[in-house]
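Below are the chains, spelled out letter by letter.
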Amino acid sequence: MLLNPQPITDQTWAAIRAEFTLPTLEQVRRRLTELMEDPEPVMRQLVRIFIDDGTFCPGFQFLSGGQIHPTVTALFRRAMELGIPHNYFTAWMVAPSRDLSGARPVDLLKTSTSPLLRALEASSSRQGAS
C-alpha cells in the first residue's frame, strides 16, 4: 500500500540531499566496510531510495559513527510490513505530519518511537481508505 500516491518531485530529493545528505548505496557500503568487519547485516536494514538509475541512502538514518538510527530502523521495518515503498517512506519522514501536530517524523527521532509508529500506521490507513 502506498503511503502517498503523489509523485515525489526532484525538489524533494534535492531538499533531502541538502539537509541530510544522500550518499549512493556504494558510498555507504564503502564507509561501513571501513567501520566494521561485516557490513552486510547493516546493509540489509538500510532505507534506500531509487532515483532514475541510482540507489541512494538518506542520511537521516545514520548516527555519527556510522550506526543506523534505531528509531528509523523500527519505523522502516513497520513501513515494509505495511507495504510502503522505500521512496514513499523517505518522503513521509521529511514531510510535516498532521498525526504529529505538524512536526516532521525526522525531527522527532530522539523521542519515543511509539508516536512515530502510530503516525506511520495512521497515514498508511488513510491512504488505504482513499
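Notes on the structure follow.

The rules behind these values
Residues numbered from 1 in each chain as written. Predicted model: local features only at pLDDT ≥ 70, side-chain atom pairs only at ≥ 80, totals over all residues. Heavy atoms only, no water. Salt bridge = Lys/Arg side-chain N within 4 Å of Asp/Glu carboxyl O. Helix = DSSP H or I, 4+ residues; strand = E, 2+ residues; numbered from the N terminus. Buried < 20%, exposed > 50% of the residue type's maximum accessible area, 1.4 Å probe, protein only. Core = buried A, V, L, I, M, F, W, Y, C linked by side-chain atoms within 4.5 Å. Contact = heavy atoms within 4.5 Å. Expected span 1.5 Å × (residues − 1). Axes fitted to C-alpha atoms, helices over the stretch in contact; angles between N-to-C directions. Parallel < 35°, antiparallel > 145°, perpendicular 65-115°, else oblique. Left-handed = near helix turned anticlockwise from the far one by under 90°. Nonpolar A, V, L, I, M, F, W, Y, C, P; charged D, E, K, R; others polar. Arc of directions from axis to C-beta.

A few words on the pattern of salt bridges. Scanning the entire structure with this criterion turns up seven salt bridges. With a shortest N-O distance of 3.6 Å, glutamate 26 and arginine 29 are connected by a salt bridge. Taken together, the positions of glutamate 26 and arginine 29, both in helix 2 (residues 25-35) and three residues apart, correspond to about one turn of that helix. Here glutamate 26 falls in the partly exposed class, since its relative accessible area comes to 41%. The salt bridge involving glutamate 40 is made with arginine 29; its shortest N-O contact spans 2.8 Å. Taken as a pair, glutamate 40 in helix 3 (residues 40-43) and arginine 29 in helix 2 lie far apart in primary sequence, 11 residues in all.

What follows concerns the nonpolar core. Looking at soluble globular proteins, one finds that nonpolar side chains tend to be buried together. Counting 26 residues, the largest nonpolar core has Phe89, Met93 and Leu120 as the members making the most contacts within it. Contributions of two or more residues to this core are made by helix 1 (10-20), strand 1 (49-51), helix 4 (70-81), helix 5 (86-94) and helix 6 (113-129). Apart from residues no more than four positions distant in its own chain, phenylalanine 89 is found in contact with Val47, Val72, Leu75, Phe76, Ala79, Ile84 and Leu120. Counting residues in hydrophobic clusters, the runner-up holds eight residues, among them Leu32, Met43, Leu46 and Ile68.

With 12 residues, helix 4 ought to run about 16 Å at 1.5 Å a step, and its terminal C-alpha atoms sit 17 Å apart, in line with that. Among the residues of helix 4, those classed as buried are Thr71, Val72, Thr73, Leu75, Phe76 and Ala79.

Turning next to the packing of helix 4 against helix 5. Where helix 4 meets helix 5, the axes come as close as 10 Å, and the angle between the chain directions of the two elements is 135°. Taken together, the axes of helix 4 and helix 5 lie oblique to each other. By crossing handedness, the relation of helix 4 to helix 5 is classed as right-handed. Here Val72, Leu75, Phe76, Ala79 and Met80 of helix 4 lie close against helix 5, whose contacting residues are His86, Phe89 and Met93. Of the residues in the contact of helix 4 with helix 5, the class split is seven nonpolar, one polar and no charged.

Moving on, we get to helix 1. Since one α-helical turn is 3.6 residues long, residues separated by three or four positions face the same way. Restricting attention to buried positions, one finds in helix 1 the residues Trp13, Ile16 and Phe20. Along the axis of helix 1, the buried residues cluster in a sector spanning 65°; they form a single face. Facing away from the buried side of helix 1 by more than 90 degrees, the exposed set consists of Asp10, Gln11 and Ala18. Those residues of helix 1 that are buried lie in contact with strand 1 and helix 5. Positive backbone phi, at 80°, marks threonine 21, one or two positions downstream of helix 1.

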